[in-house]
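# Coordinate inspection notes
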Amino acid sequence: MAPLRIEGYVIVSAEGMLADARNVMPNALKFDGDAKFFSAALDRADMIVHGRNSYEDQPNSPKRRRIILTRGVKAFAPDPDNPKATLWNPAGAPFDAACGAAGVKSGTVAIIGGPVVFGMFLDRYDTFYLSQAPHVHLPDGEPCFPGVTAARSPQQVLAAHGLQPAESEVLDPAFDVTVTAWRRNRQS
């Protein structure tokens, strides 16, 4: 059986923020090119993982198997509101057990946020897709990872956890929105 492949996805402002001061992703961070990239990636994933305030709100969202982090269950439990979702409390069970409860033991797992969820997987990502909107400014916003500050960028956080920048792609040339795949070298 192939192991789980962990991939992360986020779009951030020039300051590395994924949401505004109200903890809401503003329309200013929504770009068609990034939305298409993100949607295609999630369509290929075997499972989505996110916190209770994160979701992708796309036409295929109801079809996707997912794990939702919560403190509302002891370890893990079926989501009574979504037959494709498993609720997981990281304090009560390891991630691999939650994946087993969700029916996913191999394949690609897409981590889509928020910051606490992204932070939990910093040492497990095989690839993290960091999209950047350099002309969007959210100086008082919510950072994408724990440890992102005015003095420490998302790229520095990813590098500190063993990920290296690889290929980049322009997602929206009119606004200079790009995505860079940060990959873990498993050879060392």
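Everything that follows concerns the structure shown earlier in this document.
Residues numbered from 1 in each chain as written. Predicted model: local features only at pLDDT ≥ 70, side-chain atom pairs only at ≥ 80, totals over all residues. Heavy atoms only, no water.

With that settled, consider the overall build of the protein chain. In terms of regular secondary structure, the protein chain is built from four helices and 11 strands. In terms of overall size, the protein chain behaves like a compact globule, its C-alpha atoms giving a radius of gyration of 16 Å where 188 residues would be expected to give roughly 16 Å. Dimensions along the principal axes, computed over C-alpha positions, put the protein chain at roughly 40 × 40 × 30 Å. Taken across its 188 residues, the protein chain has 49% of its residues classed as buried. (Helix = DSSP H or I, 4+ residues; strand = E, 2+ residues; numbered from the N terminus. Rg over C-alpha atoms; globule rule 2.2 N^0.38 Å. Buried < 20%, exposed > 50% of the residue type's maximum accessible area, 1.4 Å probe, protein only.)

Next up on the list: the environment of Ser168. Its location among the elements puts Ser168 in strand S10 (residues 163-172). You can call Ser168 exposed: its relative accessible area is 52%. Among the polar contacts listed, one links the side chain of Ser168 to the side chain of Thr180, at a separation of 2.7 Å. (Polar contact = N/O pair within 3.5 Å; in protein donor to acceptor, adjacent residues only side chain to side chain.)

Let's shift gears to the pairing of strand S4 (residues 66-69). A two-sided burial pattern is seen for S4, the buried positions comprising Arg66 and Ile68 on one face and Ile67 and Leu69 on the other. Both S4 and strand S6 (residues 85-88) contribute to a ladder of four bridges, which runs parallel. Paired with Leu69 across the strands is Trp88, a residue of S6. (Pairing = 2+ DSSP bridges.)

As for its placement among the helices and strands, Val12 is situated in strand S1 (residues 4-12). Of the residues examined, Val12 reaches a relative accessible area of 1% and is grouped as buried. Residues Val12 and Pro154 lie 142 residues apart in sequence; the distance between their C-alpha atoms is 8.9 Å.

So, on to the sheet that holds strand S7 (residues 107-113). Taken in spatial order, the nine strands line up as S5-S6-S4-S3-S7-S1-S8-S11-S10 in an open sheet, and their pairing is mixed. Strands at the two margins of the open sheet, each flanked by one partner only, are strand S5 (76-78) and S10. If you compare each strand with its neighbour and ignore which way they point, the axes differ by 20° on average. Pairing of S1 with strand S8 (residues 127-132) involves six bridges; the strand directions are parallel. The residue of S8 that forms the bridge with Ile11 is Ser131. (Axes fitted to C-alpha atoms, helices over the stretch in contact; angles between N-to-C directions.)

The next point concerns the side chain of Thr86. Relative to the elements of secondary structure, Thr86 occurs in strand S6. Non-local contacts of Thr86, meaning those with residues more than four positions away in its chain, are made with Arg66, Ile67, Ile68, Phe76, Ala77, Asp79, Ala98, Ala101 and Ala102. (Contact = heavy atoms within 4.5 Å.)

We now examine the nonpolar core. By size, the foremost hydrophobic cluster in this structure holds 34 residues, and its most contacted members are Ile67 and Phe95. Looking at this core, the element that brings in the most residues is S1, giving four residues. Dropping the residues within four chain positions of it, Ile67 is found in contact with Met47, Ile48, Val49, His50, Thr86, Trp88, Phe95, Ala98, Cys99 and Ala102. Grouped together as the second largest cluster of nonpolar side chains are 21 residues, Met17, Ile48, Leu138 and Val177 included. (Core = buried A, V, L, I, M, F, W, Y, C linked by side-chain atoms within 4.5 Å.)

Next up on the list: the packing of aromatic side chains. Scanning all chains against the criterion turns up 12 aromatic pairs. With 4.9 Å between their ring centres and 15° between their planes, Tyr9 and Tyr129 make a pair best called stacked. Of the two residues, Tyr9 is situated in strand S1 and Tyr129 in strand S8; the sequence distance between them amounts to 120 residues. Here the aromatic cluster, defined as three or more aromatic residues joined through ring pairs, consists of Trp88, Phe95, Phe118, Phe121, Tyr125, Phe128 and Phe145. (Phe/Tyr/Trp six-rings, centres within 6.5 Å; stacked < 30°, edge-to-face > 60°.)

Right, let's get into the pattern of salt bridges. Counted according to the given criterion, the structure contains five salt bridges. The salt bridge involving Arg64 is made with Asp43; its shortest N-O contact spans 2.6 Å. Here Arg64, found in the loop between strand S3 (47-50) and S4, pairs with Asp43, found in helix H1 (residues 32-44); they are 21 residues apart in sequence, far enough to count as distant. Taking the relative accessible area as the measure of exposure, Asp43 reaches 42% and is therefore partly exposed. (Salt bridge = Lys/Arg side-chain N within 4 Å of Asp/Glu carboxyl O.)

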